[in-house]
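So you can see what is in the structure, the chains are spelled out below.
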Number of protein chains: 2
Amino acid sequence: MTAKESSHAIIWSLPATMLALSVALAGTAVLAESEPTSAVSSSDALLQVPDADYRRDWAFLGSFSVLADDPEAGAKEFHVVYTKREDLDAYRKTGKFPDGAVLVKDVFATKTEAFTTGTASYADTLVGRFVMVKDAANKFAGSSPLWGDGWGWAFYEGTETRKTVTTDYRQDCLSCHEPARDQDFTYVQGYPILKN
Amino acid sequence: MTAKESSHAIIWSLPATMLALSVALAGTAVLAESEPTSAVSSSDALLQVPDADYRRDWAFLGSFSVLADDPEAGAKEFHVVYTKREDLDAYRKTGKFPDGAVLVKDVFATKTEAFTTGTASYADTLVGRFVMVKDAANKFAGSSPLWGDGWGWAFYEGTETRKTVTTDYRQDCLSCHEPARDQDFTYVQGYPILKN
């Protein structure tokens, strides 16, 4: 399994400045029935990597360390997941991510060192980012192959923020997220902050 | 090495409501020369786990996954480090943590699962927390055995927030932080956000 394949695993976002457009975009989705091209670009634009400094301004949900093929080498990847603080608050109250919630997952290649505390790994170079946007009523489902099952789904390689390599979430994303279907496709067991 | 021993490694904080008192406490430190008992409790109080919901409201700096004694078991611990956003901003500008900056490090025991993405570990139960408070001018050095080398240092077991088990930072903390002396004792290589 390559690093890129192994990174197709968990999570998603949209530019902060575009979040306010979600109501307008709901209207665009209706237009989609007669103007599919325009609707596709509008809904997929919601899945771009946010312009916001999400690592500073959003809440960190949790991280996963993925064991190297040679386990003694420590972790080969770190997956680091963020969401907006208001969406964290909503989850803490209701037990689910609200409509429009954005999850961004940084996928980092790691470095591993022999520290005084033992062999430990940490995030180093950005491999890419996953963006998921909650679509509670499936209003964008069918607007493009990136929307369905209550979410929009997209992966961006490296530092790319606009052009996703995801062509169909069913093939590119569900293969890894299907096991978490009964958790709304999210690996929430890795996010202790949700229980606070 | 036990889990507890191995967790004596990296990082630190103080209640948000007390941060505003730092100027006043500088005055208290002067008093320390004649009233050491009162001064010790004042400076050490700065090292308590913050009342703030730092996991929600502060910035996540980075995390370390510590490899299990049996490497195939994945990570045995996650160390997760937070600081205030204004202190992150200051670091990005100056390359160092400003006076009064607070670092809190959650130490979690992990769970490890065979995910579709591979064997991966994530934070589970809180083992304890490290708090470090920057004392750029060493104004609290000597006020108690928890202050020196430009920082205040304390560890709290489990969910304890007030009563530290640290009795002397030189013995309890420096053994793990000495290798990072030329980085002001912090393992900043694990915090990619500082480079943004």
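Residues numbered from 1 in each chain as written. Chains lettered and ligands numbered in written order. Predicted model: local features only at pLDDT ≥ 70, side-chain atom pairs only at ≥ 80, totals over all residues. Heavy atoms only, no water.

**Quick word on the relation of the copies chain B and chain A**
- With an RMSD of 0.0 Å, chain B superimposes on chain A once it is rotated by 180° and translated 0.0 Å along the axis. Seen this way, the second copy is the image of the first under a two-fold rotation axis. Nearest to the rotation axis, the C-alpha of B:P71 is located 2.6 Å from it, this being the minimum over chain B.
- Most of the interface of chain B is mirrored in chain A, where 100% of its interface residues again form contacts. (Least-squares fit on C-alpha atoms with pLDDT ≥ 70 in both. Contact = heavy atoms within 4.5 Å.)

**Things to note about the state of the cysteines**
- Scanning the entire structure with this criterion turns up 0 disulfides over all chains.
- Between A:C176, a cysteine without a disulfide, and A:C173, which holds the nearest cysteine sulfur, the sulfur-to-sulfur distance is 8.8 Å. (Disulfide = S-S within 2.5 Å.)

**Thoughts on the packing of aromatic side chains**
- Scanning the entire structure with this criterion turns up 32 aromatic pairs over all chains.
- Taken together, a centroid distance of 6.0 Å and an interplanar angle of 80° make the contact between A:F64 and A:Y191 edge-to-face. With A:F64 in strand 1 (residues 59-67) and A:Y191 in the segment after helix 8 (174-177), this pair connects stretches of sequence that are 127 residues apart.
- Arranged with centres 5.4 Å apart and planes meeting at 70°, the rings of B:Y54 and B:Y82 form a pair that is edge-to-face. Highlighted residues: B:Y54 in helix 5 (residues 54-57) and B:Y82 in strand 2 (residues 75-83), separated in sequence by 28 residues. B:Y82 matches B:Y54 in its accessibility class, with the two residues each being buried.
- Aromatic rings pair up to connect A:Y54, A:W58, A:F60, A:Y82, B:Y54, B:W58, B:F60 and B:Y82 into one cluster. (Phe/Tyr/Trp six-rings, centres within 6.5 Å; stacked < 30°, edge-to-face > 60°. Helix = DSSP H or I, 4+ residues; strand = E, 2+ residues; numbered from the N terminus. Buried < 20%, exposed > 50% of the residue type's maximum accessible area, 1.4 Å probe, protein only.)

**Describing unusual backbone geometry**
- Even without a glycine there, the phi angle at A:F185 is positive, about 70°.
- With respect to the helices, strands and loops of the structure, A:F185 is situated in the segment after helix 8.
- We note that B:D149 has phi near 55°; this positive angle belongs to a residue other than glycine.
- Among the residues examined, B:D149 registers a relative accessible area of 28% and is labelled partly exposed.

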